[in-house]
Amino acid sequence: MWNLAVRLVRCCLTLPSEKRDKTAVGQKLAVSKSPVVNLGVSVMKRNSLTTAVVAGIAGTVGIANLASAVNLNPDGLGQVLLYPYYTVNSNGVGDNLQTLFSVVNTTDQGKAIKVRFMEGYNSREVRDFHVYLSPYDVWTAALFKLPDQAQANLLTDDNSCTVPDIKGSTLPPLQQLPDGRSYLPFTNALFSGANADGGPTGLERTREGHFEIIELGVVTNDTEGSLDAITHIAGVPDNCGQVIGAWVAQPPGYWIQDRNTDIDPPTGGLFGSALLVDVANGVSSGYNADAIEGFVSNGQDNLHDRPGNVLPSLANVGGSDAQVTAYVFDNGRLIQATYGGGFGRKIDAVSALFTHDNIFNEYVLGGGAAATTDWVVTFPTKNFYVDRPAPALAPFAEVFKAYSGAGTGESKVQVGLFPYDREEGNPSACTGSDSDNPNCGVCFSPCDPGESPIPVLRYEAQVISFQTSTDFTANRTSPVLGSQLASNVDVRADSLNNGWMRIALNPTSEAHLMEASSEGEVFEGLPVTGFAITNYVNANAAPGKLANYSGLWRHKGSRACSVPDPQTPLACS
């Protein structure tokens, strides 16, 4: 049924988008580098209203230079977008799932962005490329799998410029659908052969994971007219061949000679979303990408580098700055935490934004609508702590390695699982100081005889399913997303069919603590993002009718910040 799947891709990628003609706005933009959009009213530069409000708070507590601090923007706009999960797996019902996604440029500036996909075991990269967005542009694509292939693939019907060219080329590694459209297969090059990491080496490993989009810089007309080249005329960029040629090695294009040509520092204003499509069940659920603002904000650096280079990554936060300050919201507090220069590493600033000691969400199982639920739990920065020679770096406990033979790679972290039904029922009698003791919670099922009841999460992007032990033993594929990186919680063994669960990320059995910032804060727990997704198959909607539904809810979380050094009493405040 691949034809049905690919038809769906074509359908859903022809969404209306606002493509502005160069004759309408491009010439004006060519001579204006100001991020201010003139709407005839007073508007704010670069940072969101949320940032302005925070700046007012910061001024009252002596915090300076908010514009240079990396932060997780609750308004959804940023320089970096993190998408917690993609999948093209089959959940056993029929066709493989598809993941459709978009990135939107809300500004009057051209944008150069890096699009990077990482597999779920160890966040080894499976593809990356550049996209050049014109002002107010939208770029869309879809991930899918064909029945005679092992890997995930990317298809785009969007006209925005990509480097290398995807839509308009037939050169390898691109392949073609029967209708002639080119698609980009994902690769196992960075986790096989000389790059093997102890995990599986086959292309099947590319079928689920997470991805990110990083703004590289603002595209201008300073020297070569690059902004004009990427700006749309009647819905089509004026000259994608120019920016593709700028990266050609022989004869060297102008970006090979100087990657800074026509590129200014990044300014943000991106947002994105993804849609998980279950073709066979006729349902889909979407989520918004996490948006990081202030990723590079010194007003000097850009991150524009050649395509095919795995850089930049999240570790390039702050650009050339030796230290990076993160601003973290914690239950009404605004915490300043600075890393690098002898206080942890700069990547810790990004991790601090996502670190929680608990995450919470709901689940629904069975009933008249035959509900099934999966949770996605993604550690977006884990690779920077575990993909290295032992030991792992805090807050993670183990490096990624093979356990029981080749291709069994994992990196375990202990957690606590504490489910409740809707009437406060739970299987634990532990209270007080034992509230985070994993032995007081439930284990991932089935629990093998003699196995420690302490549950562990093994991967960077994984799924927790809610099935009976018997069902999961028979088929370890998660029921909603078809994940092969699934662990299972059998809440039905305790008659907790519908309710909510807390995952403790700093359990008493294994401390997970970030390195101390220069201000003295230690964030407790693990950097995490994700969501719960539930499918309903309602055979009782009406006589002779089958009604299917789906819903998705982002995880909620709590934070904990401690100050082990008594010489820094104002930290965490």
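Source: prediction; values computed, not measured.

Moving on, we get to the overall build of the protein chain. Helix and strand counts for the protein chain stand at nine helices and 34 strands. For the protein chain, the residues scored as buried account for 56% of the 573 residues in total. About 22,400 Å² of surface is accessible on the protein chain, with carbon and sulfur atoms providing 52% of the total.

A few words now on unusual backbone geometry. Outside of glycine, negative phi angles account for most residues, and trans bonds account for most peptide bonds. Here valine 163 and proline 164 are connected by a cis peptide whose omega angle stands at -5°. Inspection of the secondary structure assignment puts proline 164 in the loop between β8 (161-163) and β9 (175-176). The omega torsion across alanine 394 and proline 395 is 15°, close enough to zero to call that bond cis. Relative to the assigned elements, proline 395 resides in the loop between α8 (383-386) and β23 (413-414). Its identity is not glycine, yet aspartate 262 carries a phi of approximately 60°, on the positive side. When you line up the elements, aspartate 262 lands in the loop between α6 (254-257) and β14 (263-264). You can call aspartate 262 buried: its relative accessible area is 2%. With a phi close to 50°, asparagine 331 is a non-glycine residue in the positive phi region. Looking at where asparagine 331 falls in the secondary structure, it is placed in the loop between β18 (324-330) and β19 (333-339).

Looking now at the confidence of the model for the protein chain. Per-residue pLDDT for the protein chain has a mean of 86; in total, 84% of the residues score no lower than 70. Low confidence marks residues 57-62, where pLDDT is under 50. Its contacts with residues over four positions away, or in another chain, come to two contacts.

Here the focus is the sheet that holds strand β21 (residues 358-364). Spatially, β24-β28-β21-β33 is the arrangement adopted by the four strands of the open sheet, whose pairing is antiparallel. Every other strand in the sheet has two partners, leaving β24 (416-421) and β33 (556-558) as the edge strands with one partner each. Direction aside, neighbouring strands of the sheet carry axes that sit 25° apart on average. In this sheet, strand β28 (residues 498-504) lies alongside β24 in antiparallel orientation, the contact comprising six bridges. Opposite proline 419, over in β28, you have methionine 501 as the bridge partner.

In this section: the nonpolar core. Grouped together as the largest cluster of nonpolar side chains are 73 residues, with contacts concentrated most on Tyr132, Phe295 and Ile503. Broken down by element, the residue count for this core peaks at six residues, all from helix α7 (residues 347-354). Contact partners of phenylalanine 295, with chain neighbours within four places excluded, come to Val70, Gln79, Val80, Ile214, Leu303, Ser313, Leu314, Asn316, Val317, Gly318 and Val350. Counting 40 residues, the second-largest nonpolar core is a separate cluster that includes Val88, Phe117, Val131 and Leu133.

A few words on the packing of aromatic side chains. Here the distance between the centres and the angle between the planes together describe a pair of aromatic rings. The final tally for this structure, using the stated rule, is 24 aromatic pairs. Arranged with centres 6.2 Å apart and planes meeting at 70°, the rings of tyrosine 83 and phenylalanine 101 form a pair that is edge-to-face. Placement of the pair is tyrosine 83 in strand β2 (residues 80-87) and phenylalanine 101 in strand β3 (residues 98-105), with a sequence separation of 18 residues. The interplanar angle of 85° and the centroid separation of 6.0 Å between the aromatic rings of tyrosine 86 and phenylalanine 186 together place this pair among those described as edge-to-face. Note that tyrosine 86 is positioned in strand β2 and phenylalanine 186 in the loop between β10 (182-185) and β11 (208-219), a separation of 100 residues in sequence. Each member of the pair, tyrosine 86 as well as phenylalanine 186, carries the same accessibility label: buried.

Considering the arrangement of structural elements, one finds glycine 241 in helix α5 (residues 240-245). The exposure class of glycine 241 is partly exposed, given its relative accessible area of 46%.

So, about the pattern of salt bridges. A full pass over the atoms with the stated rule returns 13 salt bridges. For the salt bridge of glutamate 212 with arginine 116, the shortest nitrogen-to-oxygen distance reads 2.9 Å. Placement of glutamate 212 in strand β11 and of arginine 116 in strand β4 (residues 110-119) is noted, with a sequence separation of 96 residues between them. Considered together, glutamate 212 and arginine 116 belong to a single accessibility category, that of buried residues. Arginine 205 is the salt-bridge partner of glutamate 119, the closest N and O atoms lying 2.9 Å from each other. Of the two residues, glutamate 119 is situated in strand β4 and arginine 205 in the loop between β10 and β11; the sequence distance between them amounts to 86 residues. Exposure class is identical for glutamate 119 and arginine 205. Each is buried. Put simply, Arg116, Glu125 and Glu212 are held in one network by salt bridges that share partners.

Turning our eyes to something else, we now look at the state of the cysteines. Enumeration over the complete set of coordinates arrives at two disulfides. One disulfide in the model links cysteine 161 with cysteine 240; its S-S distance is 2.1 Å. Across the disulfide from cysteine 161 to cysteine 240, rotation about the S-S bond amounts to roughly -90°, and the bridge is consequently left-handed. Here cysteine 161 is found in strand β8, whereas its partner cysteine 240 is found in helix α5, with 79 residues between them in sequence. The disulfide partner of cysteine 561 is cysteine 572, and the gap between their sulfur atoms is 1.8 Å.

The next point concerns α7. Most of α7 sits inside the fold, with eight of its eight residues counted as buried. Ile347, Asp348, Ala349, Val350, Ser351, Ala352, Leu353 and Phe354 are the residues of α7 that are buried.

Turning to the layout of surface pockets, a few remarks are in order. Which parts of space are left empty comes out when a probe the size of a water molecule is rolled across the atoms. Computed from the structure, the largest pocket encloses a volume of approximately 650 Å³. Mapped onto the lining of the largest pocket, the elements with two or more residues apiece are β1 (69-72), β16 (283-288), β17 (290-293), β18, α7, β31 (529-542) and β33. Counting residues per element, the lining of the largest pocket draws most heavily on β18, which supplies four residues. When its residues are assigned to classes, the lining of the largest pocket shows twelve nonpolar, eleven polar and five charged.

Turning our eyes to something else, we now look at a nonpolar patch on the surface. A surface patch of nonpolar side chains, about 210 Å² in accessible area, is lined by Leu190, Val310 and Leu311. Note on placement: leucine 190 falls in the loop between β10 and β11.

Our focus in this paragraph is the sheet that holds β16. One open sheet accounts for seven strands, arranged β9-β10-β7-β6-β3-β15-β16; its pairing is antiparallel. Each edge of the sheet is formed by a strand with only one pairing partner; in this case those strands are β9 and β16. Summarising the sheet, β3 and strand β15 (residues 270-278) pair through eight bridges and their orientation is antiparallel. Looking across to β15, one finds that valine 103 is bridged to glycine 272.

Scoring rules and cut-offs
- Residues numbered from 1 in each chain as written.
- Predicted model: local features only at pLDDT ≥ 70, side-chain atom pairs only at ≥ 80, totals over all residues.
- Heavy atoms only, no water.
- Helix = DSSP H or I, 4+ residues; strand = E, 2+ residues; numbered from the N terminus.
- Buried < 20%, exposed > 50% of the residue type's maximum accessible area, 1.4 Å probe, protein only.
- Areas by Shrake-Rupley, 256 points an atom, 1.4 Å probe, with all protein chains shown as cover.
- pLDDT = per-residue confidence, 0-100.
- Contact = heavy atoms within 4.5 Å.
- Pairing = 2+ DSSP bridges.
- Axes fitted to C-alpha atoms, helices over the stretch in contact; angles between N-to-C directions.
- Core = buried A, V, L, I, M, F, W, Y, C linked by side-chain atoms within 4.5 Å.
- Phe/Tyr/Trp six-rings, centres within 6.5 Å; stacked < 30°, edge-to-face > 60°.
- Salt bridge = Lys/Arg side-chain N within 4 Å of Asp/Glu carboxyl O.
- Disulfide = S-S within 2.5 Å.
- 1 Å grid on protein atoms, 1.4 Å probe; cavity = no way out; pocket = protein on both sides within 12 Å on 5 of 7 lines; lining within 4 Å.
- Points joined across faces, edges and corners; volume = space filled by probe spheres on them.
- Nonpolar A, V, L, I, M, F, W, Y, C, P; charged D, E, K, R; others polar.
- Patch = residues over 30% accessible without salt bridge, like charges linked within 9 Å, V, L, I, M, F, W, Y side chains within 5 Å.

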